[in-house]
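# A look at the structure
Here is what each chain is made of, one letter per residue.
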Amino acid sequence: MNYQWYPGHMTKAKRMMQENLKLIDLVIELVDARIPVSSRNPDIDELGKNKSRVILLNKSDLADASVNQAWMTYFRDNGAYALEVNSRTGAGIKSIRALVREACREKIERDRKRGILNRPIRAMVAGIPNVGKSTFINAFAGRACAKTGNKPGVTKGKQWIRLHKELELLDTPGLLWPKFEDPQVGLRLALVGSINDEILQIDELALELIAFLRAQYGGTLRERFDVEETGEDYTILQEICIRRRCFLKQEEPDIRKASLMLMDEFRSGKLGRISLERPETGEIR
């Protein structure tokens, strides 16, 4: 499949971000820890090129712990202010304020020399759909102030949120870019749920996941579903149907139901902590 998704509201969202850049000091960019390169939107990178930047590897609990550490080293070695966080549990959230101050150190010093004291840092929270921006804001603020959901496209417009006297956040809609030049980028985005499942052939996506798990995380499918990992990927998917009792009429395997179940178990972490990208196979922008 050619995985592409760029609905009309994203053009509007990009325009809104451009219009608000003059108001902000910092871009807090959330990426999915399972795909830290593929989940970095080059449009956000271009829009924020003259602003201070903090990169948060969100959903870190779903990614391979050792790979998370490799990514943190990789980003820091390339001069990026980066932090591993889990917005659902709050892990890493308390460290963000210090990282923001460090990233905006020059701005804070300029203000001090001009006699401007206690002016809050204004940060734009940006990222791809379903990366967890609103959940992050709520965790950072310590209260529910942004609408959340487990599917792309929950945040439709902008909203300013004052956290305390030092920092104000601008929440923005999830933003993809018009064309994924590398088809693997589109595939990885689809796997983690950043592309609307309704436009995908979910059985093909499930087969891609099975192939990846067999190659990189051997034994995962056998342990979770009690299936053998030999033979064709489609045969394994059929076996998962049988093990989980996913049937149509007359005991015919319900491939779609099993595919949806497999994708949900991967995305929710029930298959274990799995990273789809590693620093040696990715590029940093």
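Refer to the preceding data block for the structure.
Conventions adopted
Residues numbered from 1 in each chain as written. Predicted model: local features only at pLDDT ≥ 70, side-chain atom pairs only at ≥ 80, totals over all residues. Heavy atoms only, no water. Phe/Tyr/Trp six-rings, centres within 6.5 Å; stacked < 30°, edge-to-face > 60°. Helix = DSSP H or I, 4+ residues; strand = E, 2+ residues; numbered from the N terminus. Buried < 20%, exposed > 50% of the residue type's maximum accessible area, 1.4 Å probe, protein only. Contact = heavy atoms within 4.5 Å. Axes fitted to C-alpha atoms, helices over the stretch in contact; angles between N-to-C directions. Parallel < 35°, antiparallel > 145°, perpendicular 65-115°, else oblique. Arc of directions from axis to C-beta. Disulfide = S-S within 2.5 Å. Polar contact = N/O pair within 3.5 Å; in protein donor to acceptor, adjacent residues only side chain to side chain.

### A look at the packing of aromatic side chains
Here the structure, examined in full by the defined rule, presents five aromatic pairs. Here Trp71 and Tyr74 contribute two aromatic rings whose centre-to-centre distance is 5.6 Å and whose plane-to-plane angle is 80 degrees, an arrangement assigned as edge-to-face. You can see Trp71 and its partner Tyr74 sitting in helix H3 (residues 65–77), three residues apart, about one turn around the helix. You can call Tyr74 partly exposed: its relative accessible area is 25%. On the basis of an interplanar angle of 75 degrees and a centroid distance of 4.9 Å, the ring pair of Trp177 and Phe180 is categorised as edge-to-face. The pair Trp177 / Phe180 is uniform in exposure class, with both members buried. Put simply, the rings of Trp71, Tyr74 and Phe75 pair up and form one aromatic cluster.

### Looking at helix H6 (residues 133–141)
Structural remark: α-helix, 3.6 residues per turn; residues separated by three or four positions point the same way. By the criterion of burial, H6 is predominantly enclosed, with seven of the nine residues buried. The complete set of buried residues in H6 reads Lys133, Ser134, Phe136, Ile137, Asn138, Phe140 and Ala141. Next to the buried residues of H6 lie strand E1 (26–32), strand E2 (52–58), helix H4 (96–103), strand E4 (121–127), strand E5 (159–164) and strand E6 (167–171). Looking at the residues trailing H6, positive phi occurs at Gly142, about 75 degrees.

### Overview of the packing of helix H8 (residues 202–216) against helix H10 (residues 233–243)
Packing of H8 against H10 leaves a shortest axis separation of 9 Å and a crossing angle of 105 degrees. On the basis of their axis angle, the class for H8 and H10 is roughly perpendicular. Residues Asp203, Ala206, Leu207, Ile210, Ala211 and Arg214 of H8 pack against Asp233, Tyr234, Ile236, Leu237 and Ile240 of H10.

### Structural notes on H10
Those residues of H10 not exposed but buried are Ile236, Leu237, Ile240 and Cys241. Considered in projection along H10, the buried side chains sweep an arc of 155 degrees and stay on one side of the axis. Residue Arg245 follows H10 closely and has a positive phi angle near 55 degrees.

### A look at the state of the cysteines
The final tally for this structure, using the stated rule, is zero disulfides. A disulfide-free cysteine, Cys241 has its sulfur positioned 5.4 Å from the sulfur of Cys246, the nearest such atom. Accessibility expressed as a relative area gives 0% for Cys241, which makes it buried.

### A closer look at the side chain of Thr172
Mapped onto the secondary structure, Thr172 falls in the loop between E6 and helix H7 (183–192). In this structure the side chain of Thr172 is engaged in a polar contact, spanning 2.6 Å, whose partner is the backbone oxygen of Val125.

### Thoughts on the environment of Val100
Its location among the elements puts Val100 in helix H4. The exposure class of Val100 is buried, given its relative accessible area of 3%. Through-space distance from the C-alpha of Val100 to that of Ser52 is 8.9 Å; in sequence the pair is 48 residues apart. Those residues in contact with Val100, other than ones at most four positions away along the chain, are Leu26, Ile28, Val54, Ile121 and Leu167.

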